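# Structural overview for review
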Amino acid sequence: MRTLIELNVNNESYPIDVEGRTRLLDALRDKCLLTGAKEGCSTGDCGACTVHLDGQPVTSCLVLAASTVGHKIVTIEGVADGEELHPVQKAFMECGGLQCGICTPGMIMTSIAFLKENPSPTRDEIRDGLQGNICRCTGYDKIVDAVQAAALELDGKAGSKK
Amino acid sequence: MTATEAVKTNGKANGANGSHQIGRSVVRLDAVDKVTGRAQYTADLHFPGMCYGMFLRSPYAHARITAIDTSEAEALPGVTAVITGATLSSDQAIVVEEEAHAARRVQTLFPSVGDKVKYHGAKIAAVAAVTREIAEEACERIKVEYELLPPVVDVQEAIKEGAVLVNDESTPADALEDGPFAGHPLHNIAGQNHRAEGDVEAGFAASYRVFEDTYIIPRAHQTYIEPQTTVADVSPDGKVTVWTSTQGHFAVRSNLANSLRIPLSKINVHGMTVGGGFGAKFGGIVDTYCVLLAQKARRPVKIAYTRHEEFLDARPAPGAVITVKTGVSEDGKLVARQAWALWDTGAGSGGCYATSRVKGVYNVEHFKMDAYDVNTNKPAPGAYRAPGAPQATFAGETQINRICSEMGWDPVEFRLTNMREGEQIAFKKTLQAVAERANWGKRQKGEHEGWGVAVGEWTNGAGPAGAVVSMHEDGKVRIFYGLMDLTGTDTTMAQIAAEVLGIPFEDVTVVRGDTDSAPFGTSSGGSVVTFSFGNAVKRAAEDARNRVLELAADHLEASIDDLELAGGKVTVKGNPEATVTLAQLGQMALRSRGGPIVGRGSFSSEPSATTIAAQIGKVKVDPETGQVRLTELYNSLDVGKALNPQSCEGQMEGGLVQGFSWGLMEQMRYAEDGRNWNAGLLDYRVPTALDFPDIETVLVEEPTKNGPYGVKGIGEPPIAPGVAALVSAVADATGVWINEAPMTPERVLSATRGAKA
């Protein structure tokens, strides 16, 4: 049975019809036409579908769309500030933290949430924080570089505001 | 430049290199789209009226189909197509040409009634429906009856007398005279490769010591994070349009034409952004079926494999059982090597030729090998980054480390003593570079710690490629070609065109054409891309440059020889006043006799030179749990010339991790009944960021004369040494040589406990 629900994604309202079993990932990709979140495994193991639900990273393949009504969802399409990319996005570009790019949206969503929890992490802490996102191309070294560079950039900005 | 040069960007891109556009770590052209979610992968496509394709698969590894009834599926509302062996023409089959060095394979599209299914997960039928849910239900409604047959799962069982035959028509291969499989005809043989140089018997007789070991390595899955996906549409006049995740859209076009008996000109293939391929995306897994469903449904159809399907029915790397016998002299020289190998090629064939890599990059006077593709009840394997090299290198290089350990020789010194030398190769320099970076001579280890070193060789292939470099009216430049960019190669091509035309890299745009529009481009496999397309683009840019200089010579009333092209303008040497910008020339060209500036470049094939990846790893083994932790990693590679050093490092580090993780944790597992045991990412473990330490990467540059600016192809070699280095490090830590990969905690624990008992 299909039901009309309204999702708040990237601060916009999306009225969509879903079934009870519709996953958030499918609602985002097929109904909201936001295809930045990727499907790599459908079992929550690869992290390519990571989005933010009320600021927390979740694998959207394991979340039912209907359960997210009334919550704030942010996808990779919503992290840049207008034309200004998020410092984590910039750092992934500059540090070579991406190759094929299929894990990149999820990796960036996890990194942004992680850096909010831990603004000045060690490399080991970054590795720990990213363990739910699989990348098969980079060997992770340059992804850790990127998160570290973003942490410095974000920390600098936070410092300048004080 | 012939000297070894270590370049390490170790930081952000955009490192300046004078006015040069090559040799710089520029930000990838596709980076913005990839960090913002804008990059379009095949699964992101939605078309009006699009249907979803799905497969019904065999739950058994070996069975004969006695009946298929699709009537209830066809009657389900919303189903737009159902196809089985019975609905297809008998001259249609899967035809796949992989990389230039891999075999061409043919298999039927579906088994029909009376035929056998040969592996768990084999396709029996495909359906298309207006929703995924209806497609799923339609598959459930297809009734198939099977007569179960005993499966054969292990290659060492499959070759024995009386073994179950996977291919009923196969005939036994002649018995060997020596080695572990000697004495009886070999069964289930799908292919064989034999080589002999010198006289191994005499070599072993003359050796001071002779070692013999058998190495076993399981199948591994490439595990690209984007599963195989295709969208197909067929117009009323029969024109087929395909959007697909592939390493080679021209290969897909030719495979579809050959498989489905459609003329090339009636097929147009769009290569979409590829979410990882590593050798597995040359087509034939979903694209052929997608076209057949679209033909029948008369609507666009999308098939997106699930991760589960990836493990059941794609083309993973073959496992292998390789016995190696090696004779050494008293003063530490390799005298003779012999290998006997069984490659687990499932229901298919191809791969056993890679056994020749057991010989390695060493001077070995006497070498002999007898290698076989062996059928088992598993899916046919395919290419995985340097196909066969990690398996053969595991056997060859691990044994070298064991010999060194037993003889008290240093494994780096031993390799340096025995390595071949020659023009355009830098084996010794590359190994020395990584040994220096790891401080090998003064390496320290604590309790339960160990070091492993290994090298893996590879020579890039080359393939036909065409490119067009043309100038906009504002003096900026575009490249048009049929290159499938997997690894950042579009960016490198832009750097090459910019270098030739004396403009900033940012002034070059790159356009990939579909197969209807672009000049032919070989597939992105076999490490061919930068070597082959690089030459084509360089030639096209040089052609455009010639036109630019002709126009400038006319305009400046000077001889071409007196002109200098740099910084976006052409100037008469010694007369800075006499100058014209590329923007002016771009405009002038439109009104000139010759018309717009269009440069063309084509390349077919020229030989490259062999490179090696040299890698060193340090591990710590937990004696209580058997868990192996990598604590340090070093790697070097002779890249010929690093056009984009950051990109080179990315290839090296990614390949290194794939190699080491095959040695550490990756294995496709099959039960005794042939069913796949770990068809998901929870059970088939690939490494996360937590499983690997930082990697120290050293680029070595020994140019090859046929590569653009000396480039060697580097995509594949970094995966080759990892298994051997990892396994050897575990032996160094525990004192036990475990000859079966991967080094799972249970295997390490049982081997080390057994040794102590």
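Residues numbered from 1 in each chain as written. Chains lettered and ligands numbered in written order. Predicted model: local features only at pLDDT ≥ 70, side-chain atom pairs only at ≥ 80, totals over all residues.

## Observations concerning the overall build of chain A
Threshold: Strands are runs of DSSP state E lasting at least 2 residues, helices are runs of H or I lasting at least 4, and numbering of each runs from the N terminus. The reference for a compact globule is 2.2 Å times residues^0.38; the radius of gyration itself is calculated from the C-alpha atoms. Distance between backbone-placed C-beta atoms decides contact: two residues are in contact if it is within 7 Å.
Assigned secondary structure in chain A consists of five helices and five strands. When the elements of chain A are put in sequence order from the N terminus, they spell out β-β-α-β-β-β-α-α-α-α. In terms of C-alpha radius of gyration, chain A reaches 16 Å, essentially the compact-globule figure of 15 Å for 162 residues. In terms of principal-axis extent, the alpha carbons of chain A reach across some 50 × 35 × 25 Å. The long-range fraction of contacts in chain A, counting pairs at least 24 apart against all pairs at least 6 apart in sequence, stands at 58%.

## Side note on the overall build of chain B
From N to C terminus, chain B includes 17 helices and 28 strands. Taken against the 2.2 N^0.38 rule, which gives 27 Å for 757 residues, the C-alpha radius of gyration of chain B at 28 Å falls within 12% of a compact globule. With the principal axes as the frame, chain B shows a C-alpha extent of 85 × 75 × 45 Å. Of the contacts formed within chain B by residues at least 6 apart in sequence, a portion of 80% connects residues at least 24 apart.

## A few points about the sheet that holds strand β25 (residues 598-603) of chain B
Note: strands within a sheet are paired through backbone hydrogen bonds, in either parallel or antiparallel orientation. All names here are of chain B. What counts here: At least two bridges found by DSSP between two strands is the condition for calling them paired. Whenever a helix is involved, its axis is fitted only over the stretch in contact; in every case the axis is a line through C-alpha atoms, and angles between N-to-C directions fall within 0 to 180 degrees.
Reading across from one edge, β21-β20-β19-β25 is the order of the four strands in this open sheet, with mixed pairing throughout. Edge positions in the sheet fall to β21 (508-512) and β25, since each of these pairs with one other strand and no more. Pairs of neighbouring strands in the sheet enclose a mean axial angle of 20°, with direction left out of account. As paired elements, strand β19 (residues 465-471) and β25 share six bridges and run antiparallel to each other. For Ala465, the partnering residue across the bridge sits in β25 and is Phe603.

## Observations concerning the interface of chain A and chain B
The condition that has to hold: The residue classification treats Ala, Val, Leu, Ile, Met, Phe, Trp, Tyr, Cys and Pro as nonpolar and Asp, Glu, Lys and Arg as charged. All others, Gly included, are polar.
Tallying the contact residues gives 47 residues for chain A and 43 residues for chain B. Elements with a contribution of two residues or more to the side of chain A that touches chain B: α2 (87-94), α3 (104-117), α4 (123-129) and α5 (141-161) of chain A. A per-element tally of the side of chain A that touches chain B places α5 of chain A first, with five residues. For the side of chain A that touches chain B, the per-class residue count stands at 22 nonpolar, 14 polar and eleven charged.

## Description of the pairing of strand β18 (residues 449-458) of chain B
Every other side chain in a regular strand lies on the same face of the sheet, so the side chains alternate between the two faces. Residues and elements named next belong to chain B. How we decide: The exposure scheme places C-beta atoms from the backbone and then counts, for each residue, the other C-beta atoms within 10 Å of its own, assigning buried at 20 or more, exposed at 12 or fewer, and partly exposed in between.
Counting buried positions along β18 gives nine out of ten residues, so the element sits mostly inside the fold. Here β18 pairs with strand β26 (residues 611-621) via ten bridges, running antiparallel. Looking at β26, one finds that Glu457 is bridged to Ile612.

## Section: the nonpolar core
Stated formally: We call a set of buried Ala, Val, Leu, Ile, Met, Phe, Trp, Tyr and Cys residues a nonpolar core when their C-beta atoms link them within 7 Å. Note that the domain bounds reflect an automated or database-derived domain assignment.
Formed by 292 residues in total, the largest nonpolar core has its most connected members in Val127, Leu293, Ala341, Ile479, Ala497, Val537 and Val730 of chain B. The greatest single-element share of this core, amounting to eleven residues, is contributed by helix α13 (residues 529-556) of chain B. Composition of this core by domain shows at least three residues from each of domain 1 (2-78) and domain 2 (87-161) of chain A.

## Overview of the domain arrangement of chain A
All names here are of chain A. Domain parsing of chain A yields domain 1 (2-78) and domain 2 (87-161). When each unit is reduced to the centre of its C-alpha atoms, the spacing between domain 1 and domain 2 is 22 Å. When residues of the side of domain 1 that touches domain 2 are traced back to their parent elements, those giving at least two are β3 (50-53) and β4 (56-59). For the side of domain 1 that touches domain 2, the leading source of residues is β3, giving three residues. Taken together, the residues that form the side of domain 1 that touches domain 2 break down as seven nonpolar, seven polar and one charged.

## Details of the sheet that holds strand β15 (residues 319-328) of chain B
All names here are of chain B. Taken in spatial order, the five strands of this open sheet run β9-β17-β16-β15-β10, and their pairing is mixed. The open sheet is flanked by β9 (189-197) and β10 (209-217), the only strands paired with a single partner. Across the sheet, the axes of successive neighbouring strands diverge by a mean angle of 5°, strand direction being ignored. Inspection of the sheet shows β15 paired to strand β16 (residues 334-344) by ten bridges, in the antiparallel sense. Bridging from a neighbouring strand, Lys325 pairs with Gln338 of β16.

## Some remarks on the packing of α2 of chain A against α3 of chain A
All names here are of chain A. Heads up, the rule is: Angle categories: roughly parallel below 35 degrees, roughly antiparallel above 145, roughly perpendicular from 65 to 115, and oblique for all the rest. For any pair of crossing helices, the crossing counts as left-handed if the nearer helix is rotated counterclockwise from the farther one by less than a right angle, and right-handed if it is rotated clockwise.
Between α2 and α3, the shortest axis-to-axis distance is 10 Å and the interhelical angle comes to 125°. Relative to α3, the element α2 is oriented oblique. Every pair of crossing elements has a handedness; the one defined by α2 and α3 is right-handed. Contacts between α2 and α3 involve Val88, Gln89 and Phe92 from the former and Thr104, Ile108, Ser111, Ile112 and Leu115 from the latter. Partitioning the contact of α2 with α3 into residue classes produces five nonpolar, three polar and no charged.

## Structural notes on the pairing of strand β14 (residues 301-304) of chain B
Residues and elements named next belong to chain B. Side chains Val301 and Ile303 of β14 all project onto a buried face; the interleaved residues Lys302 and Ala304 project onto the opposite face, where all are buried too. In this structure, strand β1 (residues 51-57) lies alongside β14, joined through two bridges in parallel fashion. Looking across to β14, one finds that Tyr52 is bridged to Lys302. Strand direction decides the pairing type here: strand β11 (residues 229-234) and β14, joined by four bridges, are antiparallel. In the sheet register, Val231 faces β14, and the bridge partner there is Lys302.

## Quick word on the confidence of the model for chain B
Keep in mind that low pLDDT regions are not for reading the predicted coordinates in detail. Residue and element names in this part refer to chain B. Put simply, the rule reads: The pLDDT value tells you how sure the predictor is about a given residue, anywhere from 0 up to 100.
Averaged over all residues, the pLDDT of chain B is 95; the fraction at 70 or higher stands at 96%. Scored below 50 in pLDDT, residues 1-10 makes 23 contacts in the model with residues more than four places away or belonging to other chains. In the model output, the complex is listed with pTM 0.96 alongside ipTM 0.97.

## Section: the packing of helix α12 (residues 489-501) of chain B against α13 of chain B
All names here are of chain B. Orientation of α12 relative to α13, taken along the N-to-C sense of each, is 30°, at an axis distance of 9 Å. Relative to α13, the element α12 is oriented roughly parallel. Remark: the crossing between α12 and α13 carries right-handed chirality. Touching Thr489, Thr492, Met493, Ile496, Ala497, Val500 and Leu501 of α12 are Val529, Thr530, Phe533, Gly534, Val537, Lys538, Ala541, Glu542, Ala544 and Arg545, all from α13. Classifying every residue of the contact of α12 with α13 by side-chain character gives ten nonpolar, four polar and three charged.

## Notes on α12 of chain B
Residue and element names in this part refer to chain B. Note the following rule: To estimate how far a helix should reach, multiply one less than its number of residues by 1.5 Å.
With 13 residues, α12 should reach 18 Å at 1.5 Å per residue; the first-to-last C-alpha distance of 18 Å fits that figure. For α12, the tally of buried residues reaches 13 of 13 residues, placing the bulk of the element in the interior. Positioned one or two residues after α12, Gly502 has a phi angle of 65°, which is positive.

## Some details on the environment of Gly97 of chain A
Along the polypeptide, Gly97 of chain A turns up in the loop between α2 and α3. As a C-alpha pair, Gly97 of chain A and Tyr14 of chain A span 83 residues in sequence and 32 Å in three-dimensional space.

## A short note on the environment of His120 of chain B
Residues and elements named next belong to chain B. Secondary-structure assignment places His120 in the loop between β6 (116-117) and β7 (123-129). In this structure His120 comes out as buried when scored by C-beta crowding, with 26 C-beta atoms within 10 Å. In this structure, His120 is in contact with Ser58, Pro59, Tyr60, Ala61, Leu312, Gly674, Arg675 and Asn676, ignoring residues within four places of it in sequence.

## Here's the deal with unusual backbone geometry
All names here are of chain B. In the segment running from Ala741 into Pro742, the intervening peptide bond is cis, with an omega of -5°. On the secondary structure map, Pro742 appears in the loop between α16 (722-734) and α17 (745-756). Although it is not a glycine, Ser527 sits at a positive phi angle of roughly 55°. Note on placement: Ser527 falls in the loop between β21 and α13. Judged by the 26 C-beta atoms lying within 10 Å of it, Ser527 falls in the buried class.

## A few points about the environment of Val147 of chain A
Residues and elements named next belong to chain A. Here Val147 is to be found in helix α5. The spatial distance from the C-alpha of Val147 to the C-alpha of Leu33 is 28 Å, given a sequence separation of 114 residues. Sequence-distant contacts of Val147, defined by excluding residues within four places in its chain, comprise Ser111 and Ile126.

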